[in-house]
Amino acid sequence: MMTAEENLMDWLRDAHAMEEQAEKMLSATADRLKNYPVLKERILAHLDQTRQQGRQVRECIVRRGGSPSTVKDVAARITATAQGLSGMFVADEVVKAALSSYTFEHMEIASYRILIAAAREVGDEATQRTCEAILVEEEAMAAWLLEQLPAITQQFLQRRKADVTAKH
Ligand code: MG
Ligand code: FE
């Protein structure tokens, strides 16, 4: 049976892989967005946060005596999930991107809530604090996206009606 410490390490590695995937998705989305500057700017800001989060989670892994080099298989698994969520190359790409981003942020929120509880259980206050700080950023991004979904949808539909490039 796994110890709580081993579970915590596994979940930290999962979170590290998740942040690597987030970085890829956010960067690809920002690169493709041409006509939605407000969304693009927020995604780029969260991309910076995401890179920092990846480094913070890595520090937790190393501080607990683990190696971040074993993240590859987990990364592959999460890549598959994320690709399934990705709305690229479809006619309503910007709407699908907003949907995927919102969904992804909630996977992150759940992951950090799990990590906070696990860190508390094993008495790792540093990891708990790190995950609490990251959680605030993920919740802020999710809340921003939730608020923007109607405007993004409206802009997409109006641009399409006006026959201008609407998809991204
Ligand atoms: Mg994140
Ligand atoms: Fe995030």
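Structure's up top.
On a predicted model such as this, the values are computed, not experimentally measured, just so you know.

Draft legend 1. Molecular detail of the coordination of the magnesium ion (ligand 1). Every protein donor of the magnesium ion (ligand 1) is accounted for by Glu19 (OE), Glu19 (OE), Gln53 (OE1), Glu108 (OE) and Glu138 (OE), and the metal-donor separations fall at 2.0 to 2.4 Å. Donor residues for the magnesium ion (ligand 1) sit on one chain with the sequence pattern E-x33-Q-x54-E-x29-E. Taken as a pair, the magnesium ion (ligand 1) and the iron ion (ligand 2) show a spacing of 3.1 Å, with Glu108 coordinating each metal. One end of the pair, Gln53, is in helix H2 (residues 37-63); the other, Glu108, is in helix H4 (residues 93-122), with 55 residues separating them in the sequence. As far as burial versus exposure is concerned, Gln53 and Glu108 are alike and both buried.

Draft legend 2. How the structure looks around helix H5 (residues 125-161). Between its first and last C-alpha atoms H5 spans 53 Å; for 37 residues at 1.5 Å apiece the expected length is 54 Å, and the two agree. When the local axis directions of H5 are compared, the greatest deviation, roughly 45°, occurs at Gln148, which is followed within four positions by the proline Pro150. At the N-terminal boundary of H5, the capping side chain belongs to Asp124, with an oxygen 3.4 Å from the backbone nitrogen of Ala126.

Rules used in this analysis
As a convention, each chain's residues are numbered from 1 in the sequence order in which they are written. Just so you know, chain letters begin at A and ligand numbers begin at 1, following the order they were written in. Where totals are concerned, whole chains, interfaces and linings use all residues; where local detail is concerned, this predicted model gives features only for residues with pLDDT of at least 70, and gives and counts side-chain atom pairs only at 80 or more. To get the side-chain values, all heavy atoms of the structure are used, and hydrogens and water are removed first. Counted as donors are N, O and S atoms no farther than 2.8 Å from the metal, or 3.2 Å for Na, K and Ca; water is not among the atoms, and sites may therefore look incomplete. Per the convention used, a helix needs a DSSP run of H or I reaching at least four residues, while a strand needs a run of E reaching at least two, with both numbered from the N terminus. For every residue, the accessible area obtained with a 1.4 Å probe (protein chains only) is divided by the maximum for its type, and the residue is called buried under 20%, exposed over 50%, and partly exposed between those limits. A helix is expected to span 1.5 Å for every residue after the first. Each residue is assigned a bend, namely the angle between axes fitted to the seven residues that terminate at it and the seven residues that start at it. Polar contacts, as used here, are pairs of N or O atoms within 3.5 Å; protein pairs need one atom able to donate a hydrogen and one able to accept it. Residues neighboring in sequence count only if both atoms are side-chain atoms.

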